[in-house]
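Chains, contacts and geometry: an overview
The lines below spell out each chain.
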Amino acid sequence: MPPSDPPDLDVVVVGAGLSGIAAGYHLGTAGVRYAVLESRDAIGGTWDLFRYPGLRSDSDMPTYGYAFEPWTGDHAIASGPEILDYIRTTAARHGIDHHIRFGRRVERADWDSDSARWTLDVRVDGRAERLTCRFLLMCSGYYDTAQGHTPAFAGVERFAGPVVHPQAWPDDLDWAGKRVVIVGSGATAVTLAPVLARTAAHVTLLQRSPTYIVSQPAADPAADWLRAHLPERLAYRLTRGKNVAGRLAFYAVSRRFPARVKRLLIGQVQAALGPDADVATDFTPRYDPWDQRICVVPDADLFDAIRGGDVSVVTDHVETFTETGIRLASGRDLEADVVVTATGLDVRLMGDVALSVDGAPVDLATRMVYRGVLLSGVPNFASVFGYTNTSWTLRADLSCAYVCRLVGYMARRGYTSVVPRPDANVRPAPFLDFTAGYVERARARLPQQGISGPWRNRQNYLRDVVAMRVAPFRDGVLAFGPRRPLPDPRNAIAGLRQRAHRVSSAWARSSSRRSRDTR
């Protein structure tokens, strides 16, 4: 191990994606000694892993972006490469990239109560590495990065053409002038269809059941006006506040008046596709709005492709693959040269790390999540999981800031550990009140939430802002471990000075590059 990589750290962050970079910012700003362990060789997580055509956000960037780093791009609905560049630029600007150790997959983590430390077993280029830390923060997302979910389709081996999952999109796939069938109806499917249709002979979107789809402008005129007339950070905060309020209001109205919102959403689709479209069959879900996530299409691109005849939607079930396509349960044959299985993902919560406390394995399904971050009975451990009804980053940013505040509280008082302990009267409930397929498939392996108090996993950003930024830690639920001698405060001051120097240097380099680009 290089001398610059100490084996013992205050905090270890697992994952250098969107959440991991947020964690690095908050920990670095507080002068905490930390490292980010990334199993792959690049920053960006999802946005570096996925490479399928048309990859983009389905949330507006002022809320999907970081609170501390304004999104300055022209698009409110941004492309994958734009988001990846934003994440990498943020990491470099704040010196977070210097703390990332690539190619390190955490396989096991064991908490030892005597030493008040985690011992991590890490795999690096086929060899084992071990390090210790006082606090473990999981920012590894929630799905299996090795492979996506593909049902066992009958006869798939008979199909003569390629069958591709978007999570493993090949660079050499050629769909120009070919008949493409996309199996699925989620965000990935509705993103792919209009993009592939630009050069394909035809694209068919094959779905078992419809999902809610709404059109949203790719650009935000209000945000553009604010940027043109106000300082950058103020404009960003106002745009962010506007969008957060709008999303929360839409979600609240949808849950309170689901039938009315359903009629509104279906009516918008009918207006976009015209009176002859069979919206009742192909665009009317069986569930209420926000029982599953609502798909967003920028500037009605999917609806335009359907009206133009480049994309068709078929609602049916796959009976079997044939040599030339797919036979449906209705008996109809869909001819295809390429099949894309946009059938979702497999949940792998907390990086699939084998957790144990004093040698006893931790079964996530028997644990309860405190404030959506900490895990009952597991000391000095946190995991970031974003919102399902709005931008992931809103909660990820809050969660990372909360962990940083908690670590600082413990350091000031000399506590060696913290663990949430639920009252026996707290009734458990599923951690995610969500009926998406990937959640249902993994529900038996997920931790739980409580129905009240800090155990409730609320999908409400404004309430979480209050709870996670100012709520006291002494709430009768968090149990703090024995005190230890406080560290020399001069070390913390030195760390802050080093941090300020790194940020200043990174900003100077960035300013220099921008100056050269404008010449």
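Structure shown above.
These numbers were taken from a predicted model, which means no experiment stands behind them.

**Regarding the overall build of the protein chain**
Within the protein chain one finds 14 helices and 25 strands. On C-alpha atoms alone, the protein chain measures out to a radius of gyration of 24 Å, which is about the 24 Å that the 2.2 N^0.38 rule sets for 519 residues. By its C-alpha atoms, the protein chain is 75 × 60 × 50 Å across when sized along the principal axes. Intrachain contacts of the protein chain at a sequence separation of at least 6 include 71% that bridge at least 24 residues. As presented, the protein chain carries roughly 23,300 Å² of accessible surface, and 52% of it is formed by carbon and sulfur atoms.

**So, the sheet that holds strand S9 (residues 202–207)**
The strand order S7-S16-S8-S9-S12 describes an open sheet built from 5 strands, whose pairing is parallel. Unpaired on one side and paired on the other, strand S7 (163–164) and strand S12 (311–315) mark the two borders of the sheet. Bridge analysis of S9 against S12 gives 5 bridges, and the strand direction is parallel. Residue pairing across strands places Gln-207 opposite Thr-315, the latter belonging to S12. Lying on the sheet, helix H5 (residues 187–196) is in contact with strand S8 (179–183), S9, S12 and strand S16 (338–341); it crosses S8 at an angle near 170°.

**A short note on unusual backbone geometry**
Look at Trp-290: it is not a glycine, yet its phi comes out positive at around 75°. Structurally, the position occupied by Trp-290 is in the loop between helix H9 (279–282) and strand S11 (295–298). Despite not being glycine, Asp-358 shows a phi value in the positive range, around 50°. Mapping Asp-358 onto the fold places it in the loop between strand S17 (354–357) and strand S18 (360–361).

**Quick word on helix H13 (residues 461–470)**
Because each turn of an α-helix spans 3.6 residues, side chains separated by three or four positions in sequence point in the same direction. Residues of H13 that are buried include every one of Tyr-461, Asp-464, Val-465, Ala-467 and Met-468, and no others. As for H13, its buried residues are in contact with helix H7 (232–256) and helix H11 (392–413). A side-chain oxygen of the first residue of H13 lies 3.2 Å from the backbone nitrogen of Leu-462; this N-cap is Asn-460.

**Topic: the packing of aromatic side chains**
According to the stated counting rule, one finds 28 aromatic pairs in the structure shown. Taken together, Phe-50, Tyr-52, Tyr-142, Tyr-143, Phe-385, Trp-392 and Phe-431 form an aromatic cluster joined through their ring pairs.

**Quick notes on the sheet that holds strand S13 (residues 318–322)**
In space, the 3 strands of this open sheet follow the order S13-S14-S15, with antiparallel pairing throughout. Edge positions in the sheet fall to S13 and strand S15 (333–335), since each has one partner strand and no second. With strand direction ignored, the average angle separating the axes of adjacent strands in the sheet is 25°.

**Quick word on the pattern of salt bridges**
One pass over the structure, following the stated rule, counts 24 salt bridges. Of the charged contacts, one joins Asp-10 and Arg-33 as a salt bridge, the two residues approaching to 3.8 Å between their closest N and O atoms. Note that Asp-10 is positioned in strand S1 (residues 8–14) and Arg-33 in the loop between helix H1 (18–29) and strand S2 (34–37), a separation of 23 residues in sequence. Classification of Arg-33 by relative accessible area gives partly exposed; the value is 37%. Among the salt bridges present, the one from Asp-220 reaches Lys-242, with a minimum N-O distance of 3.1 Å. Of this pair, Asp-220 sits in the loop between strand S10 (213–216) and helix H6 (221–229) while Lys-242 sits in helix H7, and the two are 22 residues apart along the sequence. Within the structure, one salt-bridge network assembled from shared partners comprises Asp-8, Asp-10, Arg-33, Arg-117 and Arg-134.

**Let's talk about the nonpolar core**
The biggest cluster of nonpolar side chains holds 149 residues, and the ones touching the most others in it are Trp-118, Leu-120, Leu-136 and Ile-182. In terms of residue count, the dominant contributor to this core is H11 (12 residues). Formed by 12 residues, the second largest nonpolar core is a distinct cluster that contains Phe-153, Leu-206, Leu-334 and Val-339.

**Brief notes about helix H4 (residues 80–93)**
Given a rise of 1.5 Å per residue, 14 residues ought to cover 20 Å, and the 20 Å separating the end C-alpha atoms of H4 matches this to within 8%. Listed in full, the buried residues belonging to H4 are Gly-80, Ile-83, Leu-84, Tyr-86, Ile-87, Thr-90, Ala-91 and Arg-93. Taken from the residues just after H4, Gly-95 is the one with a positive phi, measuring 70°.

**Some words on the packing of H6 against H7**
Remark: H6 packs on H7, axes separated minimally by 9 Å, with the N-to-C direction vectors making an angle of 160°. Judged on the interaxial angle alone, H7 and H6 are roughly antiparallel. For the element pair H6 and H7, the recorded crossing hand is right-handed. Here Ala-222, Ala-223, Leu-226 and Arg-227 of H6 lie close against H7, whose contacting residues are Ala-235, Leu-238, Thr-239 and Lys-242.

**Regarding the side chain of Arg-104**
With respect to the helices and strands, the residue Arg-104 is situated in strand S4 (residues 104–112). Engagement of the side chain of Arg-104 in a polar contact is seen with the side chain of Glu-129, the distance being 3.0 Å.

**Observations regarding the environment of Thr-63**
Checked against the element boundaries, Thr-63 lands in helix H3 (residues 61–64). Among the residues examined, Thr-63 registers a relative accessible area of 0% and is labelled buried. With residues up to four places along the chain from it excluded, the contact list for Thr-63 reads Arg-240, Asn-243, Val-244, Arg-247, Ser-391, Thr-393 and Leu-394. Within polar-contact distance, the side chain of Thr-63 engages the side chain of Asp-60 at 3.0 Å.

**Examining the environment of Phe-385**
As for its placement among the helices and strands, Phe-385 is situated in the loop between strand S21 (381–383) and H11. A sequence separation of 107 residues divides Phe-385 from Asp-278, and the C-alpha atoms of the two residues are 37 Å apart.

**Examining the packing of H1 against H11**
Relative orientation of the contacting elements H1 and H11 amounts to 35°, with a least axis distance of 9 Å. Once H1 is placed against H11, the crossing between them reads as right-handed. Residues Leu-18, Ser-19, Ala-22, Ala-23, His-26 and Leu-27 of H1 pack against Trp-392, Thr-393, Ala-396, Asp-397, Cys-400, Ala-401 and Cys-404 of H11. Its residues placed into classes, the contact of H1 with H11 shows 9 nonpolar, 3 polar and 1 charged.

**Some points on the side chain of Ser-376**
Counting through the fold element by element, Ser-376 comes out in the loop between strand S20 (374–375) and S21. With sequence-adjacent residues up to four places away left out, Ser-376 is seen in contact with Arg-367, Met-368, Pro-420, Pro-422 and Trp-455.

So, how was this worked out
- Residues numbered from 1 in each chain as written.
- Predicted model: local features only at pLDDT ≥ 70, side-chain atom pairs only at ≥ 80, totals over all residues.
- Heavy atoms only, no water.
- Helix = DSSP H or I, 4+ residues; strand = E, 2+ residues; numbered from the N terminus.
- Rg over C-alpha atoms; globule rule 2.2 N^0.38 Å.
- Contact = heavy atoms within 4.5 Å.
- Areas by Shrake-Rupley, 256 points an atom, 1.4 Å probe, with all protein chains shown as cover.
- Pairing = 2+ DSSP bridges.
- Axes fitted to C-alpha atoms, helices over the stretch in contact; angles between N-to-C directions.
- Buried < 20%, exposed > 50% of the residue type's maximum accessible area, 1.4 Å probe, protein only.
- Polar contact = N/O pair within 3.5 Å; in protein donor to acceptor, adjacent residues only side chain to side chain.
- Phe/Tyr/Trp six-rings, centres within 6.5 Å; stacked < 30°, edge-to-face > 60°.
- Salt bridge = Lys/Arg side-chain N within 4 Å of Asp/Glu carboxyl O.
- Core = buried A, V, L, I, M, F, W, Y, C linked by side-chain atoms within 4.5 Å.
- Expected span 1.5 Å × (residues − 1).
- Parallel < 35°, antiparallel > 145°, perpendicular 65-115°, else oblique.
- Left-handed = near helix turned anticlockwise from the far one by under 90°.
- Nonpolar A, V, L, I, M, F, W, Y, C, P; charged D, E, K, R; others polar.

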